[in-house]
There are 2 protein chains.
Amino acid sequence: MKTRLIEKTPSAYDYPLLIKQLLLTSPVHQADQEIVHRESRRYTYRQFQARVKRLASGLRAIGLEAGDMVAVLDWDSHRYLECYFGVPGLGAVLHTVNVRLSQEQVLYTLRHAEDAAVIVHEEFLPLVEAVQSKLPSVKKWILIRESDRDIKSSVPFHAEYEELLALGDEDYSFPDFDENSQATLSYTTGTTGEPKGVCFSHRQIVLHTLGLAAAFGAMAGQGRFRSDDVYMPLTPMFHVHAWGLPFLATMLGVKQVYPGRYDPEIILNLLIKEKVTFSHCVPTVLSLLLNSPVINEVNLSGWKVVVGGDALPRGLAKAALDLGLDVYSAYGLSETCPLLTTALLNREDLDADREHQLDRRIKTGLAAPLVDLQIRDNLDRPLPYDGRCCGEIVARAPWAALGYHKNQIQSEDLWRGGYLHTGDAACVESGGCFQITDRIKPVIKTGGEWISFLELEALISRHPAVAEVAVVGVPDEKWGERPLALVVPATGRIEDFPAEEVKSFLLKFVEEGVISKYALPDRILAVDHLPKTSVGKINKKVIREKIKV
Amino acid sequence: MKTRLIEKTPSAYDYPLLIKQLLLTSPVHQADQEIVHRESRRYTYRQFQARVKRLASGLRAIGLEAGDMVAVLDWDSHRYLECYFGVPGLGAVLHTVNVRLSQEQVLYTLRHAEDAAVIVHEEFLPLVEAVQSKLPSVKKWILIRESDRDIKSSVPFHAEYEELLALGDEDYSFPDFDENSQATLSYTTGTTGEPKGVCFSHRQIVLHTLGLAAAFGAMAGQGRFRSDDVYMPLTPMFHVHAWGLPFLATMLGVKQVYPGRYDPEIILNLLIKEKVTFSHCVPTVLSLLLNSPVINEVNLSGWKVVVGGDALPRGLAKAALDLGLDVYSAYGLSETCPLLTTALLNREDLDADREHQLDRRIKTGLAAPLVDLQIRDNLDRPLPYDGRCCGEIVARAPWAALGYHKNQIQSEDLWRGGYLHTGDAACVESGGCFQITDRIKPVIKTGGEWISFLELEALISRHPAVAEVAVVGVPDEKWGERPLALVVPATGRIEDFPAEEVKSFLLKFVEEGVISKYALPDRILAVDHLPKTSVGKINKKVIREKIKV
């Protein structure tokens, strides 16, 4: 294609899309708007901007440079939001550490990322102390103190977070650089044992922010996100930038509330006290809140809650609607930044009856603007939007990760044929509404966290009493899904299979940090044999169907 | 800066921002949504998409290629919207011809653009016939027929527009190419006699569309643009893509109404019949509508009208509010695509009294997200936002034109010091609200069209009765501003200066197409002398002040 390229006059500013630009307007237009952390801290956008600049220049002052990896271990806080802007602002990469992973997995991610600095909240000191000797790349340790207690640690902290900010300059000017510079890194666990690093560039995050503005802002109907909302994330900030909403909230100058470590009582208090209007979470968190003993004493009417990370169960959605919540689904992956679809209702849906609305709210939803979403058969051929054909969802989006960090094989597998493969199967109505029907990738999602079948099976099969093993996910009201292990005893005798002994055996791996405690199967069931496919592989489809019955 | 660049796995789709992607979702999600042209045509988004693809492939079929310039001369129509997507979609450049320019200026722009094809509405046949022999670059002429009358023309038309579409393929697949490929070209008249070509890339138009979604969609308050609006532009589509709103409307799947040639009666009919909720125009057009004899017989309550292109007069804004319109200002230039600011009211403004609201609505407004807007003194030093300092507005935005087409000197002047110079002076409140106070560039804006002082002065001074001349803009209720010429007679005698003769002399230039009829001064005033600055230049500031008194 010989198109005509735009000519740039030498003096023109060829505007690179950088995260710093999301801060251009709101600290001026909404200078007195608030950012709140739990009940402990409250400040303005004006102060926020000054602190972001202090953070970036403070990191520069202690020797951090563009291109360095900076890991953060913290609960959802104003400080985390400062890191979202300050760390990429200086050209470094923000590594948002998933603190729910096992210790061994956290160590793996810190080593794999080759972090140069680690900013760590005091609650995660035991974790960091256990692994620090194995992290030769880390040059600077920064402590986030929240309590007043005396902290003695073997970690050679360079500075406390507030001291670091005091070192910085609130008039620091963020540099310009290539918009394809990496801004963030986070790890996702999936089909194999080792977490995979997902990278996003400044360009991708800015485009995702604009995409969210279009998808949640400019669409008519209910559930929208606007500049007069009060925002509180209930998806951890280490999970793909809390779905990117903190970037949008900051660009729009929205009041933001960060709940720290999730505690239903504190969350409900903040919801009421700060008049929160917009949140997002996985079904498990919503369920936890709705099951709070005080739920009937508070008024959550009008609270907009986007549910993602897993399918929104109809019962949960109904319970939420009964309480006056405006709840609906959205869909995306860590690899897609994550926005792919939203199940916002349109005018016709809103005119229809409650049952119809409920049906729409729990759908996977419609592709967001600029998202090219298709379903493909197992030969990667596109399938029609006819409400019947089911296939794997594949995607292209301006904000889709272009591969995994230092993992070429999985990167190519993710993008085979030029489309990002989600591992989820769906059928699509002629009007473009997606409904996920099945999961293709061999993982279990429990409370919003991934567990790998393969890893769990490998560990169970190490026990001498086990001949064969198959782990499947079974639906669970509270967690979405829980792992169930089916084993064929080595002795061949079901009746005396030592299930409790195998559980204790697995517990060791949890204690050693090899797997997270979420991964521990609730039940280990001995069976005569496992169904096989024609080529002799364990047929999980048949197992899942049998379990349903 | 040694940042870490994102690594792309070979199979990943490195999503270029292309106009075709604005069509990804709405033709599926809003397949039956309507696009309306006057009272003559009405079709669905599904049909729209098919016609856009037919247009692109039809142009390919008759030999047009990526990189070719394709000029369009049409009133606001569904066809123009098809050209917005179809022409850039194939990699060609859409040249939107300003049909309000003089014939000579239109000829200049067609020659300067080196158009390969011209798509022309039958109403502009006389214009095209007069200039076609001077356009060697044009290989293909396409006629847009609207009436049933027999058309005989000296122009060698290759096809009629609907025939061209019939040649095309509705399953045509738009190619991928560099996002910095030029998508559009339009000409702006300004401080010098020759129109300047403003170019926008695919990337810039997609980013501008997202910027509009954030600025008009995600902001709370009144006047917003949403997917359930009914949109009718009242800014010509040849003026910087009707401010880019047709791209946003199409991305969101909004019902769109195109009014053809502006006729107050037809516009008012369409407003009522199609239930239009969102429009934009220059003050002159709004004034024209509000002065319609039937204005009190129709109900325009709730109609959102963004007024730009010139300051929104308080009286006009008040009259509009009295009729129930939701009217407010926005600001931008042809060179800025155009979004720079909007004067949307926030929650506090909406709680305040009507007079306060009126004051806010007519302000220049707040910078849109991602827009870096400053004021500079005459040494190009930034001035504070203190409500007192006044300086020239300079801008950076992801959608600001990177220079003029084949005009390096003016391009560099526009971007001197790395900021785009608007030629407008403003002061800025501490909260970031801009108020334009003066115009720095030597132009008059009348009915939304620019007139150059310099050109007019040069023509007037050619008359033998004129010794010295100064043209200034004087405020005009209907047109915003009108040119007034002050002349010092060659004889030195004011009393017998042949003002009417000079007017007739100028009329010749209008007839010859050198200047547009808008440029003709209503009054030519003989004066003893013209005030001069210390260096002997005519002091227009003094003249303007004297005229006010």
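The structure under discussion appears in the preceding block.
Summarised in this report is the structure supplied together with it. The model shown is predicted, which means the values in this text are computed figures rather than measured ones.

1. Digging into the relation of the copies chain B and chain A
And then number 1: After a rotation of 180 degrees and a shift along the axis of 0.0 Å, chain B superposes on chain A with an RMSD of 0.1 Å. Taken together, the turn and the small shift mark the pair as related by a two-fold rotation axis.
And then number 2: Most of the interface of chain B is mirrored in chain A, where 100% of its interface residues are also at the interface.

2. Observations concerning the nonpolar core
And then number 1: Core analysis: the biggest nonpolar cluster contains 249 residues, and Phe85 and Phe225 of chain A together with Phe85 and Phe225 of chain B have the highest contact counts within it.
And then number 2: In this view, Phe225 of chain B contacts Ala218 of chain A together with Phe216, Gly217, Tyr231, Leu245, Leu248, Ala249, Leu252, Val254 and Phe278 of chain B; residues no more than four positions away in its chain are not counted.

3. Re the environment of Arg314 of chain A
All names here are of chain A.
And then number 1: Structurally, Arg314 is set in helix α11 (residues 314-322).
And then number 2: Distance in space between the C-alpha atoms of Arg314 and Ile362 is 6.5 Å, their sequence separation being 48 residues.
And then number 3: Setting aside residues no more than four positions away along its own chain, Arg314 makes contact with Glu355, Leu358, Asp359 and Ile362.
And then number 4: Engagement of the side chain of Arg314 in a polar contact is seen with the side chain of Asp359, the distance being 2.8 Å.

4. Comments concerning the packing of α11 of chain A against helix α13 (residues 354-361) of chain A
Residues and elements named next belong to chain A.
And then number 1: Two elements in contact, α11 and α13, have axes separated by 10 Å at closest approach and are oriented at 125 degrees. Looking at the two axes, α11 sits oblique to α13. Here α11 runs over α13; the crossing is right-handed. Across the interface between the two elements, Arg314, Ala317, Lys318, Leu321 and Asp322 from α11 touch Arg354, Glu355, Leu358, Asp359 and Arg361 from α13.
And then number 2: Here the residues of the contact of α11 with α13 are counted per class, giving 3 nonpolar, no polar and 7 charged.

5. A few points about the interface of chain B and chain A
And then number 1: In this complex, chain B contributes 81 residues to the contact, which on the side of chain A involves 81 residues.
And then number 2: Taken together, the two surfaces of chain B and chain A that pack against each other cover about 6,400 Å², and 64% of this comes from carbon and sulfur.
And then number 3: Taken as a group, Arg4, Leu370 and Leu402 of chain B account for 13% of the area that chain B buries against chain A, more than any other trio of residues on that side.
And then number 4: Taken together, chain B and chain A are joined by 4 salt bridges.

6. Comments concerning the sheet that holds strand β23 (residues 466-476) of chain B
Residue and element names in this part refer to chain B.
And then number 1: Judged by pairing direction, the sheet is mixed, and its 3 strands sit side by side in the order β23-β24-β25 without closing on themselves. Of all strands in the sheet, those bounded by a partner on one side alone are β23 and β25 (523-526). Going across the sheet, the axis of each strand differs from the next one's by a mean of 25 degrees, ignoring polarity.
And then number 2: Of the strand pairs in this sheet, β23 and strand β24 (residues 480-489) are connected by 10 bridges, and their pairing is antiparallel.

7. With respect to unusual backbone geometry
Residues and elements named next belong to chain A.
And then number 1: Following Cys337, the chain continues into Pro338 via a peptide bond in cis, with omega recorded as 5 degrees.
And then number 2: By the element assignment, Pro338 lies in the loop between β14 (326-332) and β15 (339-342).
And then number 3: A positive phi angle is found at Ala242, which is not glycine, with a value near 45 degrees.
And then number 4: Along the chain, Ala242 falls in the loop between β10 (230-231) and α8 (245-252).

8. Quick look at the sheet that holds strand β7 (residues 159-160) of chain A
All names here are of chain A.
And then number 1: Taken together, 7 strands build an open sheet; the order of strands is β7-β6-β5-β3-β4-β8-β9 and the sheet is mixed. Two strands bound the open sheet, and with one partner strand each, they are β7 and β9 (196-201).
And then number 2: Relative to strand β5 (residues 117-121), strand β3 (residues 69-73) runs parallel, the two being bridged by 4 bridges. In the sheet register, Leu73 faces β5, and the bridge partner there is Val120.
And then number 3: The sheet contacts of helix α3 (residues 78-89) involve β3, β4 (93-96), β5, β6 (140-144) and β8 (182-188), and relative to β4 the element is tilted by about 145 degrees.
And then number 4: Here helix α4 (residues 103-113) sits on the sheet and contacts β3, β4 and β8; the angle it forms with β8, its principal contact strand, is near 150 degrees.

9. Overview of helix α4 (residues 103-113) of chain B
All names here are of chain B.
And then number 1: For α4, the complete set of buried residues consists of Gln105, Val106, Leu107, Thr109, Leu110, His112 and Ala113.
And then number 2: Against β3 (69-73), β4 (93-96), α5 (125-131), β8 (182-188) and α15 (453-460) lie the buried residues of α4.
And then number 3: Just downstream of α4 lies Glu114, where phi reads positive at about 55 degrees.

10. Things to note about the packing of aromatic side chains
Each aromatic ring pair is described using two quantities: the centre-to-centre distance and the angle formed by the ring planes.
And then number 1: For the structure on display, the rule yields 29 aromatic pairs over all chains.
And then number 2: Judged by centre distance (6.1 Å) and plane angle (85 degrees), the ring pair of Phe216 of chain A and Phe278 of chain A falls under edge-to-face. You can see Phe216 of chain A sitting in helix α7 (residues 202-217) and its partner Phe278 of chain A sitting in strand β12 (residues 278-281), a full 62 residues away along the chain. Side by side, Phe216 of chain A and Phe278 of chain A carry an identical accessibility label, which is buried.
And then number 3: Taking the centre distance of 5.3 Å and the plane angle of 85 degrees together, the rings of Phe505 of chain A and Phe509 of chain A count as edge-to-face. Here Phe505 of chain A and its partner Phe509 of chain A are both found in helix α16 (residues 499-511), 4 residues apart, which amounts to about one turn of the helix. The same class applies to Phe505 of chain A and to Phe509 of chain A, which are both buried.
And then number 4: Each residue in the set Tyr43, Tyr45, Phe48, Tyr80, Tyr84, Phe85 and Phe247 of chain B is aromatic and connected to the rest through ring pairs, giving one cluster.
And then number 5: Sitting over the face of the ring of Tyr13 of chain B, Arg396 of chain A holds its NZ or CZ atom 3.7 Å from the ring centroid.
And then number 6: Over the ring of Tyr518 of chain B we find Lys517 of chain B, and its NZ or CZ is 5.3 Å from the ring centre.

11. Some remarks on the environment of Gly67 of chain B
And then number 1: Mapping Gly67 of chain B onto the fold places it in the loop between α2 (45-61) and β3.
And then number 2: In sequence terms Gly67 of chain B and Leu90 of chain B are 23 residues apart; their C-alpha atoms lie 8.9 Å from each other.
And then number 3: Not counting residues up to four positions away in its chain, the partners in contact with Gly67 of chain B are Lys2, Thr3 and Arg4 of chain A together with Gly91 and Ala92 of chain B.

12. Side note on the packing of helix α7 (residues 202-217) of chain B against helix α8 (residues 245-252) of chain B
Residues and elements named next belong to chain B.
And then number 1: Contact pair α7 / α8: the axes reach a minimum separation of 9 Å and the direction vectors enclose 75 degrees. By the criterion of interaxial angle, the relationship of α7 to α8 is roughly perpendicular. Along its contact with α7, which presents Ile205, Thr209, Leu210, Leu212 and Ala213, the element α8 presents Leu245, Phe247, Leu248 and Met251.
And then number 2: When grouped by side-chain class, the residues that make up the contact of α7 with α8 number 8 nonpolar, 1 polar and no charged.

13. Topic: the side chain of Asp377 of chain A
Residues and elements named next belong to chain A.
And then number 1: Looking at the element boundaries, Asp377 is found in the loop between β17 (372-376) and β18 (390-396).
And then number 2: At a separation of 2.8 Å, a polar atom in the side chain of Asp377 contacts the main-chain amide nitrogen of Leu379.
And then number 3: A polar atom in the side chain of Asp377 sits 2.7 Å from the side chain of Arg381.

14. With respect to the pattern of salt bridges
Residue and element names in this part refer to chain A.
And then number 1: By the definition in use, this model includes 71 salt bridges over all chains.
And then number 2: One salt bridge in this structure joins Lys318 and Asp322, with 3.4 Å as the shortest N-O distance. Taken together, the residues Lys318 and Asp322, both in helix α11 and 4 residues apart, mark about one turn of the helix.
And then number 3: A salt bridge links Asp326 to Arg361; the nearest nitrogen and oxygen atoms lie 2.8 Å apart. Of this pair, Asp326 sits in strand β14 while Arg361 sits in helix α13, placing them 35 residues apart in sequence. Taken individually, Asp326 and Arg361 each receive the classification buried, so the pair is uniform in this respect.
And then number 4: Taken together, the salt bridges that share partners define one network made up of Glu34, Arg42, Lys255, Lys273 and Glu274.

What counts as what
- Residues numbered from 1 in each chain as written.
- Chains lettered and ligands numbered in written order.
- Predicted model: local features only at pLDDT ≥ 70, side-chain atom pairs only at ≥ 80, totals over all residues.
- Heavy atoms only, no water.
- Least-squares fit on C-alpha atoms with pLDDT ≥ 70 in both.
- Contact = heavy atoms within 4.5 Å.
- Core = buried A, V, L, I, M, F, W, Y, C linked by side-chain atoms within 4.5 Å.
- Buried < 20%, exposed > 50% of the residue type's maximum accessible area, 1.4 Å probe, protein only.
- Helix = DSSP H or I, 4+ residues; strand = E, 2+ residues; numbered from the N terminus.
- Polar contact = N/O pair within 3.5 Å; in protein donor to acceptor, adjacent residues only side chain to side chain.
- Axes fitted to C-alpha atoms, helices over the stretch in contact; angles between N-to-C directions.
- Parallel < 35°, antiparallel > 145°, perpendicular 65-115°, else oblique.
- Left-handed = near helix turned anticlockwise from the far one by under 90°.
- Nonpolar A, V, L, I, M, F, W, Y, C, P; charged D, E, K, R; others polar.
- Buried area = accessible area lost by both parts, 1.4 Å probe.
- Salt bridge = Lys/Arg side-chain N within 4 Å of Asp/Glu carboxyl O.
- Pairing = 2+ DSSP bridges.
- Phe/Tyr/Trp six-rings, centres within 6.5 Å; stacked < 30°, edge-to-face > 60°.
- Lys NZ or Arg CZ within 6 Å of the ring centre and 35° of its normal.

Everything listed is a geometric property; what it means functionally is a separate question.
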